[in-house]
Amino acid sequence: MSGQETTSSVKTQDHFLDHPDFSHSYRMPVRTSPIRGEGIRGWALRMAELNGHPDPSWILALAGFPGRGDVARQDVMRRLAEMIGRSPEEFADLIPLKRGKGHSKIVIPGLDLPSWMLASEHPKVCPLCLAERRVLPAIWDLGFWTCCPRHGCCLSRICPVCTNPITWRRPGIDRCPTPHCEGRLSSADPEPAPQAELDVILLLAKKLAVPDLPQGSTLWNAFGHLDAADIIRMIAGVGLPVMSLRGHSRRRGSKPEDVMKATAEVLTDWPRQFHGLLREAADDTKGRRSLQQRFAGLYQRLMGQGAYSSLMPPAARSVLIEELLVHLDETWIGEAALPRQLVGKVGSGQWISRSRAALRMGVHENTILKMVNSGQIKGQFVTAGKITYLFVSKAEVELAETERLPHLDTQEFKRELDAITFGDAAQLSGVNIDHVRELVRVGLVMSISRPPKHYVSRRSLEHLIDRVECMPQATVKEKTNLIGVARVVQVYKGLGIAELLNDILDGKVHVASIISSEFGFRRFLFNCDAVALLAQERRASQGTMTAAEVRRALQCGTLDIARLLASGFLVDLQGSGPQRGRHRKITLESVEIFDRDFVPLPVLARAHRIHAYKIVNLLHKHGVEPILPADGENTRSFWRRSEVGSVLGTPKHT
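Residues numbered from 1 in each chain as written. Predicted model: local features only at pLDDT ≥ 70, side-chain atom pairs only at ≥ 80, totals over all residues. Heavy atoms only, no water.

The next subject is the environment of Val-431. Tracing the sequence through the fold places Val-431 in the loop between α20 (422-429) and α21 (433-442). Accessibility expressed as a relative area gives 11% for Val-431, which makes it buried. The spacing of Val-431 and Phe-521 is 90 residues in sequence and 7.2 Å in space, taken between C-alpha atoms. Setting aside anything within four residues of it in sequence, one finds Val-431 in contact with Ala-426, Val-436, Ile-497 and Phe-521. (Helix = DSSP H or I, 4+ residues; strand = E, 2+ residues; numbered from the N terminus. Buried < 20%, exposed > 50% of the residue type's maximum accessible area, 1.4 Å probe, protein only. Contact = heavy atoms within 4.5 Å.)

Okay, structure coming up:
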């Protein structure tokens, strides 16, 4: 057929599509609605076979699908509906919202996925499913769907007789597309699916409510809270970085089945294989470095900074990062991370876990248990869920640790226990010595004692820095107006370094940016507004306010705050010295009581719309005196509200 004839045919077809009698002229003799879970091409193939047509593509072409977007989506739905005498809404989930170059030609109902994840041109089938029911589920078009969760076999892509690839343009659902080949796709011998891939597919199948699943997935406990779209994106978000780590660098050049295989190898036997991947990716050959440098591209992609960051859903990233933290714990001390709720129960500054005690004392964990049972060291058992943890006295462990190494000189002692001075710890962490002491005091960093000197565990300090770096980062909107750790502690005095780091580990505040060229805690930057809000909430929970907040609340000056503190009207938990400035922690109760009973003169003047000197003359005339008179420039006088009210009455303005 010539190009002119083809153009004429298309125009004639479009003429009939818009003809008033289209619904009658092109209505199928045998009509059926799409089955739940069926894709648009699977329905068209089933319709063509029912009506005796050898090729299903003419049905979709008649409706203007897939096309290049020249036919509106609503018109495509209307034309398909008119062919079977049904409502256009029956096709709402089967026609992609965007069509044309660069967009998907198919859609999986209920899932919004990028087109590269869908194998629209390379169909695959489960021979056992086809033998039971001649329906093509849309989920088979997912590139990552490599095996059947119901039968545990790999999906077939070729005809079992002629071995030619399966295509959509075939005479029937179970028929081979090759002319004169009588092969049946359902007659193929099923190939057992790899257990690792099957486990991932079972997880996804349960989320998609696939019926008659013979077994559950071992990944359900770890990833069962994710929705189906998140699981699919996680497959890509894990598989592509792993393939890149192992030599594949192009996303477009990666086949979906290869991505699925790489992901399954990491997720199987969760989380052991994932920890193995972390050990494979870690590079500790160049000494102490940041996690971004140690884990190269893999860590950056897990944290949402790499080329594949958009693929990894936040909920899935949280699971992976939590296991990364467990890996760091196991690498550091030989035990998994303890539940954070136990810290408050045992008092993190006084007790340490059995594993840490065994490491520091150089004995087996069972020996620690025997020592506790025999009364040699003090211990306590704490139950969290179904697990009971043993904690021992930190002071007694330190004493036993010192007695264990009496023959070593100072340098050998420090080398044996990897101990560093507080000054070295401050230099390593990028904060001052007082901050290091605070971290040791609250138990975030381990101390090592050899009276009369005290040291810091280098490994525990490095581990704390790693944990902060592992925590999720702030959203892009918060990556402005940034401030460093030292400045945070200096400006927001209600927020010490220990409180800040605990809030980071608890997810109350996020690191907004990481400077890879810096070291220690200096790498971490925070959004000023987020930190200020956190400091305000902490002070509110503690019942304190800063001098600036009190000044705004009482509408007075800075000098007035010092005068009110010196007169005893306000209470400062930090002391009432004149140089406390913004470092003050003034109790909220004292501020509320003062604001209820007293008022500064400028506030009176604004409320009554009377000049301040006239108010003073009038009050003096009635024998009312201020409870705290003004004392030079930039100070205010304060008056008792009840006495002022008896003279001036209720203010007309507020």
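Let us now look at the nonpolar core. Counting 115 residues, the largest nonpolar core has Trp-140, Leu-142, Phe-144, Phe-223, Phe-521 and Phe-526 as the members making the most contacts within it. Looking at which element gives the most residues to this core, the answer is helix α9 (residues 228-245), with 11 residues. Setting aside residues no more than four positions away along its own chain, Phe-521 makes contact with Ser-429, Val-431, Leu-439, Leu-461, Leu-464, Ile-465, Val-468, Val-485 and Leu-501. Met-28, Leu-80, Ile-84 and Phe-91 belong to the second-largest nonpolar core, a separate cluster that totals 21 residues. (Core = buried A, V, L, I, M, F, W, Y, C linked by side-chain atoms within 4.5 Å.)

Once that is clear, we can look at the packing of α21 against helix α24 (residues 497-505). Contact geometry of α21 with α24 gives a least axis separation of 9 Å together with a crossing angle of 60 degrees. With respect to their mutual orientation, α21 and α24 come out oblique. Every residue of α24 that contacts α21 at His-435, Glu-438, Leu-439 and Val-442 is listed here: Ile-497, Ala-498, Glu-499 and Leu-501. Class assignment for the residues of the contact of α21 with α24 results in 5 nonpolar, 1 polar and 2 charged. (Axes fitted to C-alpha atoms, helices over the stretch in contact; angles between N-to-C directions. Parallel < 35°, antiparallel > 145°, perpendicular 65-115°, else oblique. Nonpolar A, V, L, I, M, F, W, Y, C, P; charged D, E, K, R; others polar.)

Pairing is antiparallel across the open sheet formed by 3 strands, whose spatial order is β9-β11-β10. With partners counted over all chains shown, the strands left at the sheet margins are β9 (482-484) and β10 (513-514), one partner each. Summarising the sheet, β10 and strand β11 (residues 524-527) pair through 2 bridges and their orientation is antiparallel. Its bridge partner lying in β11, Ile-514 is registered against Phe-524. Sheet contacts for helix α25 (residues 528-542): β9 and β11; angle to β11, the most-contacted strand, approximately 75 degrees. (Pairing = 2+ DSSP bridges.)

What follows deals with the pattern of salt bridges. In this structure the tally under the stated criterion is 16 salt bridges. For the salt bridge of Asp-560 with Arg-636, the shortest nitrogen-to-oxygen distance reads 3.1 Å. Of this pair, Asp-560 sits in helix α27 (residues 558-567) while Arg-636 sits in the loop between α30 (612-621) and β15 (638-640), and the two are 76 residues apart along the sequence. Judged by its relative accessible area of 0%, Asp-560 is buried. A residue is classified by how much of its surface remains accessible, and Arg-636, at 25% relative accessible area, is partly exposed. Across the salt bridge formed by Glu-643 and Arg-640, the nearest N and O atoms sit 4.0 Å from each other. (Salt bridge = Lys/Arg side-chain N within 4 Å of Asp/Glu carboxyl O.)

The next thing to look at is the packing of aromatic side chains. Scanning the model with the defined rule gives 8 aromatic pairs in all. Here Phe-521 and Phe-524 contribute two aromatic rings whose centre-to-centre distance is 6.4 Å and whose plane-to-plane angle is 55 degrees, an arrangement assigned as tilted. The residues Phe-521 and Phe-524 share a single accessibility class, namely buried. Ring centres of Phe-569 and Phe-598 lie 5.5 Å apart, and the angle between their planes is 70 degrees; this geometry places the pair in the edge-to-face category. Taken together, the residues span a long stretch of sequence, with Phe-569 in the loop between α27 and β13 (586-587) and Phe-598 in strand β14 (residues 598-600) at a distance of 29 residues. An aromatic cluster is defined as three or more aromatic residues linked by ring pairs; in this entry it consists of Phe-569, Phe-594, Phe-598 and Phe-638. If you follow Lys-206 out to its NZ or CZ, it ends over the ring of Trp-220, 4.1 Å from the centre. (Phe/Tyr/Trp six-rings, centres within 6.5 Å; stacked < 30°, edge-to-face > 60°. Lys NZ or Arg CZ within 6 Å of the ring centre and 35° of its normal.)

What follows deals with α21. Looking only at α21, the buried set comprises His-435, Val-436, Glu-438, Leu-439 and Val-440. Two to three positions downstream of the cap, the backbone nitrogen of Asp-434 sits 3.1 Å from a side-chain oxygen, assigning the N-cap of α21 to Asn-432. Gly-443, located one to two residues past α21, shows a positive phi value of around 90 degrees. (Polar contact = N/O pair within 3.5 Å; in protein donor to acceptor, adjacent residues only side chain to side chain.)

Take the packing of helix α22 (residues 458-470) against α24 next. If you want to describe how two helices pack, look at the angle between their axes and the distance between the axes. α24 packs onto α22 with a crossing angle of 50 degrees between their chain directions and a minimal axis gap of 9 Å. In terms of their interaxial angle, α22 and α24 are classed as oblique. Judged by the sense of rotation from one axis to the other, the crossing of α22 with α24 is left-handed. Packed against α22, whose contacting residues are Leu-464, Arg-467 and Val-468, the element α24 presents Leu-501, Ile-504 and Leu-505 at the interface. (Left-handed = near helix turned anticlockwise from the far one by under 90°.)

Attention now moves to the sheet that holds strand β6 (residues 419-420). Pairing within the open sheet is antiparallel, and its 3 strands lie in the order β6-β8-β7. Of all strands in the sheet, those bounded by a partner on one side alone are β6 and β7 (447-450). The sheet contact formed by β6 and strand β8 (residues 453-457) spans 2 bridges and is antiparallel. From the neighbouring strand, Ala-419 faces β8, where its bridge partner is Ser-457. Most of the contacts of α22 go to β8, to which it runs at about 40 degrees, and overall it touches β6 and β8.

All right, on to the confidence of the model for the protein chain then. With 81% of its residues at a pLDDT of at least 70, the protein chain reaches an overall mean of 80. Scored below 50 in pLDDT, residues 333-348 shows 37 contacts in the model against residues more than four places distant or in partner chains. Predicted confidence is poor over residues 577-582, with pLDDT under 50, and the contacts of this stretch with residues over four places away or in other chains come to 9 contacts. (pLDDT = per-residue confidence, 0-100.)

What follows is about the pairing of β11. Side chains Phe-524 and Phe-526 of β11 all project onto a buried face; the interleaved residues Leu-525 and Asn-527 project onto the opposite face, where all are buried too. Bridging between β9 and β11 involves 3 bridges; their strand directions are antiparallel. The residue of β11 that forms the bridge with Gly-484 is Leu-525.

A separate point is helix α3 (residues 40-50). Think of an α-helix as turning once every 3.6 residues; residues three or four places apart then point the same way. In terms of burial, α3 is largely enclosed, as 9 of its 11 residues are buried. Those residues of α3 lying buried are Ile-40, Arg-41, Gly-42, Trp-43, Ala-44, Leu-45, Arg-46, Met-47 and Ala-48. In the stretch just after α3, Gly-52 is the one whose phi turns positive, near 75 degrees.

On to the side chain of Asp-174, then. Structurally, the position occupied by Asp-174 is in the loop between β2 (153-154) and α7 (195-207). On the accessibility criterion, Asp-174 (3% relative accessible area) is buried. From its side chain, Asp-174 meets the backbone nitrogen of Ser-186 in a polar contact 2.7 Å long. Residues in contact with Asp-174, not counting those within four places in the same chain, are Leu-130, Arg-134, Gly-183, Arg-184, Leu-185 and Ser-186.

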